[in-house]
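Below are the chains, spelled out letter by letter.
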Amino acid sequence: MFIHIKEAAYNCTPERPDPVFAKKLQELIGGQWGEISVMLGYMFQAWNSRGPIKYRDMTYDIGTEEIGHVEMLATMVARLLEQSPVEAQEHAAKDSIVGAVMGGARVEDVVFASMSPQHAIVSGGGAMPVDSEGNRWTADYITSSGNLLADFRFNVTAESQGRVQAARMYNMTDDPGVKDMLSYLIARDTMHQNQWLAAIAELEAEGFDETPNPLSFPQELQREEFAYKYLQHSRGGESATGRWASGPSMDGKGQFEFIAEPPALGPKLELGPTDPRLYGTQKTPMPPSAS
């Protein structure tokens, strides 16, 4: 059960409307690494969790928090679209570079061309579950495998990518209200990265899983001679200087070995004939069929 509280998790009020930035901000809502992705990813991980309750509850906590982040961003986008930013348009028109791009066009037309037309046509001045290009959010963006270590590692990546994008957007606006909200979201991404890393460490310490994941797959069933070889599939030897090329493996179960010119271990790739009823091109001409 979820209960909605009318107060926002944090401030989400811009100083002035900005329909152009509203389009950009859509990326943090409906993009691959946006808040909808992490919100539903975490919730499905929690719903599907069969492990210790503390991991499920922690995942629920973050997933529910992310619902509030979607709400904040959607509200911010709607407020950025509330009215025409006349002063911002006039300021842009005075800029020589912007003026040259406009080529004498009306400022209102230029602003409208730069904003998302779907904000005006489809959502009527509201946020949408889309990215900054108007692509619909897709469930392909979420990960819920049932293996907590694998999922939590993905979650670190998701929070890292989300923080990168929020930080970039912070530098794309001079609106103090927008910056304030983004600074909050960036800070929460900091916590969430640390939170997932702590959960990963605890899973490993408690013996639920480890590297290589999954732990329960019998090591003797893998081709052990290939498990710790670094294969240099590019020219130049710079990669040989990395931690991954020599010394103990990160899981402590082997020694890294650098292979400068990895050999091809299989035969030449050549396909056999296909069913002639599929009319594919064969190695030799096919005789015409009898009439």
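All of the points below concern the structure found in this document.

Another point: the packing of helix α4 (residues 53–80) against helix α10 (residues 176–205). Each packed pair of helices is defined by two parameters, the angle between the axes and the distance between the axes. Running from N to C, α4 and α10 point in directions that differ by 165 degrees, and their axes come no closer than 12 Å. The angle between α4 and α10 places the two elements in the roughly antiparallel class. Once α4 is placed against α10, the crossing between them reads as left-handed. Between α4 and α10, the contacting residues are Lys54, Tyr55, Met58, Thr59, Ile62, Glu65, Glu66, His69, Met72, Leu73, Met76 and Leu80 on the first element and Gly177, Val178, Met181, Tyr184, Leu185, Arg188, His192, Gln195, Trp196, Ala199, Glu202 and Leu203 on the second. Taken together, the residues of the contact of α4 with α10 sort by class into 14 nonpolar, 5 polar and 5 charged.

Following the criterion strictly, the structure yields 9 aromatic pairs and no others. Ring plane angle 35 degrees and centroid distance 6.0 Å describe the contact between tryptophan 33 and phenylalanine 154, whose orientation is recorded as tilted. Linking tryptophan 33 in the loop between α2 (27–30) and α3 (35–47) with phenylalanine 154 in helix α9 (residues 148–170), this pair joins segments that are 121 residues apart in sequence. Here tryptophan 33 falls in the buried class, since its relative accessible area comes to 18%.

Before going further, it helps to examine α9. Its 23 residues place the ends of α9 32 Å apart at the C-alpha level, agreeing with the 33 Å of an ideal helix rising 1.5 Å per residue. Structurally, α9 contributes buried residues whose contacts are with α1 (19–25), α2, α3, α4 and α10. By the N-cap criterion, in which a side-chain oxygen at the helix start approaches the backbone nitrogen of a residue two or three places on, α9 is capped by asparagine 147, the distance to leucine 149 being 3.2 Å.

Attention now goes to the environment of alanine 240. By the element assignment, alanine 240 lies in the loop between β1 (229–231) and β2 (247–248). A C-alpha to C-alpha distance of 8.9 Å links alanine 240 and isoleucine 259, two positions 19 residues apart in sequence. Leave out the neighbours within four places in its chain, and alanine 240 touches Ala245 and Phe258.

Across 3 bridges, β1 lies against strand β3 (residues 255–259) in parallel orientation. When the sheet's bridge partners are listed, lysine 229 is paired in β3 with glutamate 257. In this structure, β2 lies alongside β3, joined through 2 bridges in antiparallel fashion. Bridging across to β3, glycine 247 finds its partner in phenylalanine 256. The hairpin formed by β2 and β3 contains 6 residues between the paired strands, and glycine 252 there has a positive phi angle of roughly 75 degrees.

Let us now look at α10. Here α10 spans 43 Å end to end across 30 residues, near enough to the 44 Å set by a 1.5 Å rise per residue. Structurally, the start of α10 carries an N-cap: the backbone nitrogen of glycine 177 is 2.8 Å from a side-chain oxygen of aspartate 175. Looking one or two places after α10, you find glycine 207, whose phi comes out positive at around 80 degrees.

Counting residues in hydrophobic clusters, the biggest one holds 25 residues, and the most contacted among them are Leu25, Met181 and Leu182. Trp33, Met58, Leu149 and Phe152 belong to the second largest nonpolar core, which has 15 residues in total.

Our focus in this paragraph is empty space enclosed by the protein. Rolled over the atoms, a probe with the dimensions of a water molecule shows which regions are left empty. With the rule as written, the count across this model stands at 4 cavities of 30 Å³ or more. Volume-wise, the largest cavity comes out at about 100 Å³. Lining the largest cavity, in full, are Leu28, Trp33, Gly34, Glu35, Val38, Glu66, Ala158, Glu159, Gly162, Ala166, Leu185 and Asp189. Elements supplying a minimum of two residues to the lining of the largest cavity: α3, α9 and α10. Split into classes, the residues belonging to the lining of the largest cavity amount to 6 nonpolar, 2 polar and 4 charged. The volume enclosed by the second largest cavity comes to roughly 60 Å³. Lining the second largest cavity we find Gln32, Trp33, Ser37, Val38, Gly41, Tyr42, Gln45, Tyr141, Thr143, Phe154, Asn155 and Ala158. For the lining of the second largest cavity, the secondary structure elements donating two or more residues are α3 and α9. Ranked by residues supplied to the lining of the second largest cavity, first place goes to α3 with 5 residues.

Overall, the coordinates contain 13 salt bridges when judged by the stated rule. Notably, a salt bridge pairs lysine 54 with glutamate 206, separated by 2.5 Å at the nearest N-O pair. Of this pair, lysine 54 sits in helix α4 while glutamate 206 sits in the loop between α10 and β1, and the two are 152 residues apart along the sequence. By relative accessible area, lysine 54 is classed as partly exposed at 40%.

A cluster of nonpolar residues, Phe2, Phe44, Trp47 and Ile67, forms a patch on the protein surface that exposes about 400 Å² of accessible area. For tryptophan 47, the position within the fold is in helix α3. Residue classification places tryptophan 47 among the partly exposed positions, given a relative accessible area of 43%.

What counts and how
Residues numbered from 1 in each chain as written. Predicted model: local features only at pLDDT ≥ 70, side-chain atom pairs only at ≥ 80, totals over all residues. Heavy atoms only, no water. Axes fitted to C-alpha atoms, helices over the stretch in contact; angles between N-to-C directions. Helix = DSSP H or I, 4+ residues; strand = E, 2+ residues; numbered from the N terminus. Parallel < 35°, antiparallel > 145°, perpendicular 65-115°, else oblique. Left-handed = near helix turned anticlockwise from the far one by under 90°. Contact = heavy atoms within 4.5 Å. Nonpolar A, V, L, I, M, F, W, Y, C, P; charged D, E, K, R; others polar. Phe/Tyr/Trp six-rings, centres within 6.5 Å; stacked < 30°, edge-to-face > 60°. Buried < 20%, exposed > 50% of the residue type's maximum accessible area, 1.4 Å probe, protein only. Expected span 1.5 Å × (residues − 1). Polar contact = N/O pair within 3.5 Å; in protein donor to acceptor, adjacent residues only side chain to side chain. Pairing = 2+ DSSP bridges. Core = buried A, V, L, I, M, F, W, Y, C linked by side-chain atoms within 4.5 Å. 1 Å grid on protein atoms, 1.4 Å probe; cavity = no way out; pocket = protein on both sides within 12 Å on 5 of 7 lines; lining within 4 Å. Points joined across faces, edges and corners; volume = space filled by probe spheres on them. Salt bridge = Lys/Arg side-chain N within 4 Å of Asp/Glu carboxyl O. Patch = residues over 30% accessible without salt bridge, like charges linked within 9 Å, V, L, I, M, F, W, Y side chains within 5 Å. Areas by Shrake-Rupley, 256 points an atom, 1.4 Å probe, with all protein chains shown as cover.

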